[in-house]
Amino acid sequence: MSRSGVTITAGRFLGFGREAATRVAFLMSIPITAGAAVYETYDVFLRGDGIPPGFASAFAWGMVSAAVSGVLAIALLLRFVRTHTFRPFVVYRLAVGTAVVVAFTTGLA
């Protein structure tokens, strides 16, 4: 189960609209994402070997492209949920969840 899926589901149960529930889920991810970035930066530069010589530019552009693609993905998802229902995703999650429970309880997994 994904953190954002649970957050969106809880928001919908609390009466939030699709877009509002999705927006809250992504806003809640900001502190953990920022914390992970700070931790990894600390790990790379202070505890690790740092960035190999000649790779600083690639590292910086990788961070920029990850940020841009993340913001674009969120914007597209918010636009999508304004006009589409979560029903297919709910059906998918219920089917996969049921399959996982059956697999573990019958010893198939």
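Everything below is about the structure shown above.
With respect to the packing of aromatic side chains
Part 1 of the reasoning: This model, assessed by the stated rule, comprises 1 aromatic pair.
Part 2 of the reasoning: Pairing Phe89 with Tyr92 gives two aromatic rings, centres 6.2 Å apart and planes at 40°, and the pair type is tilted. Of this pair, Phe89 and Tyr92 both sit in helix α4 (residues 87-105), 3 residues apart, which is roughly one turn of that helix.

Observations concerning the layout of surface pockets
Part 1 of the reasoning: Of the volumes computed, that of the largest pocket is approximately 660 Å³.
Part 2 of the reasoning: Counting residues per element, the ones that place at least two in the lining of the largest pocket are α1 (3-13), α2 (18-47), α3 (56-83) and α4.
Part 3 of the reasoning: When residues of the lining of the largest pocket are assigned to their parent elements, the largest contribution, 9 residues, is made by α4.
Part 4 of the reasoning: A breakdown of the residues in the lining of the largest pocket according to their chemical character gives 15 nonpolar, 7 polar and 4 charged.
Part 5 of the reasoning: Empty space within the second largest pocket amounts to approximately 400 Å³.
Part 6 of the reasoning: Lining the second largest pocket are 15 residues; nearest its centre among them are Thr33, Ala37, Met63, Ala66 and Ala67.
Part 7 of the reasoning: Counting residues per element, the ones that place at least two in the lining of the second largest pocket are α2 and α3.
Part 8 of the reasoning: It is α2 that provides the largest number of residues to the lining of the second largest pocket, a total of 8 residues.
Part 9 of the reasoning: The residue makeup of the lining of the second largest pocket, split by class, is 10 nonpolar, 4 polar and 1 charged.

Focus on the packing of α1 against α2
Part 1 of the reasoning: For the pair α1 and α2, interaxial distance at closest approach is 8 Å and the crossing angle is 140°. Here α1 lies oblique to α2, going by the angle between them. Pair α1 / α2 crosses with right-handed handedness. Taking contact as the criterion, the partners of Arg3, Ser4, Thr7, Ile8, Gly11 and Arg12 in α1 are, on α2, Arg18, Ala21, Thr22, Val24, Ala25, Met28 and Ser29.

What about the pattern of salt bridges?
Part 1 of the reasoning: Applying the stated rule across the entire model yields 2 salt bridges.
Part 2 of the reasoning: A salt bridge links Glu19 to Arg23; its shortest N-O distance comes to 2.8 Å. Linking Glu19 with Arg23, this pair stays in helix α2, spanning 4 residues, or about one helical turn.
Part 3 of the reasoning: Given the relative accessible area of 24%, Glu19 is considered partly exposed.
Part 4 of the reasoning: Under the relative-accessibility criterion, Arg23 is labelled partly exposed at 38%.
Part 5 of the reasoning: Between Glu19 and Arg82 there is a salt bridge, with its nearest N and O atoms 3.1 Å apart. With Glu19 in helix α2 and Arg82 in helix α3, the pair connects residues that are 63 residues apart, well separated along the chain.

Rules behind the numbers
- Residues numbered from 1 in each chain as written.
- Predicted model: local features only at pLDDT ≥ 70, side-chain atom pairs only at ≥ 80, totals over all residues.
- Heavy atoms only, no water.
- Phe/Tyr/Trp six-rings, centres within 6.5 Å; stacked < 30°, edge-to-face > 60°.
- Helix = DSSP H or I, 4+ residues; strand = E, 2+ residues; numbered from the N terminus.
- 1 Å grid on protein atoms, 1.4 Å probe; cavity = no way out; pocket = protein on both sides within 12 Å on 5 of 7 lines; lining within 4 Å.
- Points joined across faces, edges and corners; volume = space filled by probe spheres on them.
- Nonpolar A, V, L, I, M, F, W, Y, C, P; charged D, E, K, R; others polar.
- Axes fitted to C-alpha atoms, helices over the stretch in contact; angles between N-to-C directions.
- Parallel < 35°, antiparallel > 145°, perpendicular 65-115°, else oblique.
- Left-handed = near helix turned anticlockwise from the far one by under 90°.
- Contact = heavy atoms within 4.5 Å.
- Salt bridge = Lys/Arg side-chain N within 4 Å of Asp/Glu carboxyl O.
- Buried < 20%, exposed > 50% of the residue type's maximum accessible area, 1.4 Å probe, protein only.

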